[in-house]
Amino acid sequence: MNQTPAIDHEAPTTPTGESAPAVSAVTLRNVSKDYQRGKITVPVLRNFDLEVGEGEFVAFMGASGSGKSTLLNLIGGLDRASAGSIEVAGENIGRFDRAQLARWRARSVGFIFQFYNLLPALTAAQNVELPLLIHSLPASERARRVANALQLMDLTHRAQHKPSELSGGQQQRVAIARALITDPKVLMCDEPTGDLDRESGENIMEILHRLNRQRGKTVLMATHDRDSAESAHRIVHFTKPDYR
């Protein structure tokens, strides 16, 4: 019999013991997601509920294939749920058509991936600018925002360098700058330290926590790293389902 992943929500408290925020940034109700493998339907999530407060930092932990990245993709509008409702920043994204979803995604969420997803032919500044190109902004405003984002990541001196000329940690900071360029409400982080050495990974986590504390960004992070997860306000554990 198919089973849905077991989900264990740890107590929603901050590292200082404060209560989790009361205003919701993300609300999932009875969300299910299936994938088709030929004629076989593979359930990944079943009747999943989740509430994330504004300004909360939530870590998703579990084995590969347990549904962590699937959940991020659903919340971020990169994929659609098979059933249930998903609200992000007060909007039910399941009601959007493809064009509406793309516009919403461009302004409301920022994505940070394990392998950076930078375009190798573009400079750091050009990579950061990419999300702005679909907006009706003058070149001078785009340049101002890019300069501010790179300065925030301490990368002004690397603006004209291409990804191959940057370290892994610097590439991930470029990716974070790109994720921030539209001032999104929610940051979606899929194994953001998974391709980095310990020192670079700790630096990236410090940046994410600073964005959470000082800029009020809601952060959702899938990770295998226990230390990174334990620095979050809350951990949601995923157990890989048994499809036998």
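Quick note: structure is the one above.
Residues numbered from 1 in each chain as written. Predicted model: local features only at pLDDT ≥ 70, side-chain atom pairs only at ≥ 80, totals over all residues. Heavy atoms only, no water.

K.L.:
Teacher, can you tell me more about the overall build of the protein chain here?
P.N.:
The number of helices and strands found in the protein chain is 7 helices and 10 strands. A burial count over the protein chain gives 47% of its 244 residues as buried. By sequence separation, contacts in the protein chain at least 24 residues apart represent 74% of the contacts at least 6 residues apart. Within the structure as shown, the protein chain displays about 12,100 Å² of accessible surface, and the carbon and sulfur contribution to it stands at 48%. (Helix = DSSP H or I, 4+ residues; strand = E, 2+ residues; numbered from the N terminus. Buried < 20%, exposed > 50% of the residue type's maximum accessible area, 1.4 Å probe, protein only. Contact = heavy atoms within 4.5 Å. Areas by Shrake-Rupley, 256 points an atom, 1.4 Å probe, with all protein chains shown as cover.)

K.L.:
Help me understand the sheet that holds strand β2 (residues 24-37), please; the structure alone is not making it clear to me.
P.N.:
Adjacent strands of a sheet pair through backbone hydrogen bonds, lying either parallel or antiparallel. On the basis of which strands lie adjacent, the open sheet formed by 4 strands has the order β3-β2-β5-β6 and antiparallel pairing. Each of the sheet's edge strands pairs with one partner strand only, and the pair in question is β3 (40-53) and β6 (91-92). Pairing of β2 with strand β5 (residues 83-88), which is carried by 5 bridges, proceeds in the antiparallel orientation. Its bridge partner lying in β5, Thr27 is registered against Glu87. (Pairing = 2+ DSSP bridges.)

K.L.:
Which parts of the structure should I look at to understand the nonpolar core?
P.N.:
Within soluble globular proteins, side chains that are nonpolar generally end up buried alongside one another. Among the nonpolar cores identified, the biggest contains 37 residues, and Val128, Leu150, Ile176 and Leu208 are the most heavily contacted of them. Of all the secondary structure elements, the ones that give two or more residues to this core are β4 (57-62), α3 (124-129), α4 (139-152), α5 (168-180), β8 (186-190), α6 (198-215) and β9 (218-223). Counting residues per element, this core draws most heavily on α5, at 6 residues. In this view, Leu208 contacts Phe57, Ile112, Ile176, Cys189, Pro192 and Val219; residues no more than four positions away in its chain are not counted. By size, the runner-up hydrophobic cluster in this structure holds 29 residues, among which are Val31, Ile86, Val186 and Val236. (Core = buried A, V, L, I, M, F, W, Y, C linked by side-chain atoms within 4.5 Å.)

K.L.:
Hey, could you run me through the environment of Gly110 in this one?
P.N.:
Assignment of secondary structure puts Gly110 in strand β7 (residues 109-113). The spatial distance from the C-alpha of Gly110 to the C-alpha of Gly76 is 8.2 Å, given a sequence separation of 34 residues. Once residues within four sequence positions are removed from consideration, Gly110 is found in contact with Ala179, Pro184, Val186, Leu187 and Met188.

K.L.:
Sorry, what's going on with the packing of α5 against α6 here?
P.N.:
When two helices pack together, their arrangement is given by the angle between their axes and by how far apart the axes lie. Relative orientation of the contacting elements α5 and α6 amounts to 20 degrees, with a least axis distance of 10 Å. Classified by the angle their axes make, α5 and α6 are roughly parallel. When you trace α5 past α6, the crossing you get is right-handed. Between α5 and α6, the contacting residues are Gly169, Gln172, Arg173, Ile176 and Leu180 on the first element and Ser200, Asn203, Ile204, Ile207, Leu208 and Leu211 on the second. (Axes fitted to C-alpha atoms, helices over the stretch in contact; angles between N-to-C directions. Parallel < 35°, antiparallel > 145°, perpendicular 65-115°, else oblique. Left-handed = near helix turned anticlockwise from the far one by under 90°.)

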